[in-house]
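Reading the structure
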Amino acid sequence: MNKTITSRLMAALMLLVCMAWLTACSDNDDGSPEGGVANEMTGHWYYTDDNVIWSLTFKADGTGTATVNTYAYGGWAAETTTLQYTIADNLVTIKPARGEVFVGVAGIVGNSLSLTDGDAVFMLTRYDGSESKINELKAEYEDNLIDPLPSVSPGNENMSQGELDNIVNLLYRDLGGYEYKQLLLEKIRLTRKDFQGNRANPITPNSNIVYDTWTAAFTVINKANFLAAAIEKSDNTGLDEQTLRAYADEARAIRCIVYLNIAQLWGNVPYITTYDKDNTFDATQMQILSPQNLYAELDNTLRNIDMLADREHGVTKETVKAMLGEIALCRGNREEAAQLLSGCQPDFSIVVSEQDSPEIYQALGDRIPNYTPEKTNLLLQEAMLGSNADAHTLAEAWRANGLSWGYWSMLKRIGLAQETAGCEEHELLMPLPQIELEVNAALKQNPGY
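Being a predicted model, the structure only gives us computed values, none of them experimental.

**Topic: the packing of helix α8 (residues 317-330) against helix α9 (residues 334-341)**
- Interhelical geometry of α8 versus α9 gives an angle of 165 degrees and a closest axis separation of 8 Å. Judged on the interaxial angle alone, α9 and α8 are roughly antiparallel. With respect to the hand of their crossing, α8 and α9 are arranged in left-handed fashion. Between α8 and α9, the residues in contact are K321, A322, L324, G325, A328 and L329 and R334, E336, A337, L340 and L341, respectively.
- When grouped by side-chain class, the residues that make up the contact of α8 with α9 number seven nonpolar, one polar and three charged.

Structure below.
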């Protein structure tokens, strides 16, 4: 959905909601609503419209918040603003912290709120204000999504090279969306603030950002599995074997990027290498791996990658080598890491389009550096650490280079994460999304949550 339209809808909806006080509210000296519908309006409401979920909170003192959750590029993005409103002479004025001032007539029946503005009617539903409810709504929307991948099953494809390239482009786009969400989650852990500097809610199993990051990760993994399986089983693409192998290896490398990071975020995670059209995996067939076991799987996968396309902004053999070096660090094999990283010169970043991903662009700029010469040099320095003083110098060097992707994981590896974030030991791992635990008995919540 167009960001400008979304912003206008957001302001208009907030205005209309406040207008519900018009017919049954009198004015206090402080401008806050009182009595009748005003009392009924106090609380939490949600409204859904295609790929957008609105959640609104109204307080009796004339203040509140509105959050717009928008699904795009394989994941959810949230925008929250505070608001103030006043009521006088049956007119409501609402002033969002961001955006224009807007104005509007309503009724409440049970837990339903109807709002009318000209020909437009909005129906809102009261809820308890919990993030778990919003996550349920997100899951319902995702369950009804049309699969963006070709409407065929792996093994029966007749895909052209152009179709394969489109899937790869989807992979990189969704990888960028996932990395943005992970960086936001890590920033909240480190600073307790979002990218706009707003105070963030504590990270819990019901946090939207936890669910969004998890979902975005497995969206990328599932698409990578589709591409790898499709190529392996297809016999009628018209492409030579080396080209097909390059596509499959690229998909596996992207999958390894995601798995390397979610293992460091959550610890034990499902390891899935088969495609599921509905992105809902059979829990009884799911393999849960510890980080060390997963690192071994990733190491083996990466060492068997020998064909990669010569693609601008794509993963390369140097990227794979740098990943192997980071995995060696995660496994505590510093000598092996130093050998892999010495002389390694990757240049892999996720390119961010301001037009396609304005929220990511505003927060992170035009690219998300994944493996660059600067980062590889810092990983090599980590492999050669000899003292606590060196560890603090290394952490400062990451910040001086403006590197954020991998920063939290590095802090954990060198023992400075708790000191830097001021968090508890159990918070070094993120909580698993509560909604995933409820549908997948194979998953266990991390201790402390």
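**Notes on the confidence of the model for the chain**
- Taken over all residues, the pLDDT of the chain has a mean of 83, while the share at 70 or more is 79%.
- Ranking the elements of the chain by mean pLDDT puts strand β1 (residues 26-27) last with 41 and helix α7 (residues 291-303) first with 98.
- The model gives residues 1-27 a pLDDT under 50, and that stretch makes 89 contacts with residues more than four places away or in other chains.
- Ignoring residues within four places in sequence, the model shows residues 151-156, a span with pLDDT below 50, making eight contacts including any to other chains.

**Quick look at the side chain of R255**
- Checked against the element boundaries, R255 lands in helix α6 (residues 241-266).
- Among all residues touching R255, those that are not within four sequence positions of it are I221, A224, N225, I272, T273 and T301.

**Quick look at α9**
- All buried positions along α9 are accounted for by A337, A338, L340 and L341. On an axial view of α9, the arc spanned by its buried residues comes to 165 degrees, and they lie on one face. Relative to its buried face, α9 has exposed residues pointing more than 90 degrees away, namely E335 and Q339.
- Buried residues along α9 sit in contact with α7, α8 and α11 (373-383).
- Directly after α9, the chain includes G343, whose backbone phi takes a positive value near 80 degrees.

**A word on unusual backbone geometry**
- Phi at R192 takes a positive value of approximately 65 degrees, unusual for a residue other than glycine.
- With respect to the element layout, R192 can be found in the loop between α4 (161-191) and α5 (208-233).
- For H313, which is not glycine, the phi dihedral falls at a positive 70 degrees.
- Take H313: it is sitting in the loop between α7 and α8.
- Note on H313: relative accessible area 38%, which makes it partly exposed.

**Focus on the environment of Q287**
- With respect to the helices and strands, the residue Q287 is situated in strand β12 (residues 287-289).
- On a C-alpha basis, the gap between Q287 and P270 in space is 5.5 Å, while along the polypeptide they are 17 residues apart.
- Those residues within four positions of Q287 in sequence are excluded, and the remaining contacts are V269, P270 and Y271.

**A few points about the nonpolar core**
- Y178, Y259, I262, W266, W408 and L411 are the most contacted members of the largest nonpolar core, which totals 102 residues.
- When residues in this core are grouped by element, the largest group, 15 residues, is from α6.
- Each residue touching Y259, except ones within four places of it in the same chain, is listed here: F218, I221, V269, P270, Y271, I272, L294 and L298.
- Core analysis: the second largest hydrophobic core is formed by 15 residues, M41, L56, F58 and Y85 among them.

**So, the environment of R367**
- Relative to the assigned elements, R367 resides in strand β14 (residues 367-371).
- Remark: the alpha-carbon pair of R367 and S353, spanning 14 residues in sequence, is separated by 8.4 Å.
- With near-sequence residues (within four places) excluded, R367 lies in contact with H313, S349, I350, V351 and V352.

Thresholds applied
Residues numbered from 1 in each chain as written. Predicted model: local features only at pLDDT ≥ 70, side-chain atom pairs only at ≥ 80, totals over all residues. Heavy atoms only, no water. Axes fitted to C-alpha atoms, helices over the stretch in contact; angles between N-to-C directions. Helix = DSSP H or I, 4+ residues; strand = E, 2+ residues; numbered from the N terminus. Parallel < 35°, antiparallel > 145°, perpendicular 65-115°, else oblique. Left-handed = near helix turned anticlockwise from the far one by under 90°. Contact = heavy atoms within 4.5 Å. Nonpolar A, V, L, I, M, F, W, Y, C, P; charged D, E, K, R; others polar. pLDDT = per-residue confidence, 0-100. Buried < 20%, exposed > 50% of the residue type's maximum accessible area, 1.4 Å probe, protein only. Arc of directions from axis to C-beta. Core = buried A, V, L, I, M, F, W, Y, C linked by side-chain atoms within 4.5 Å.

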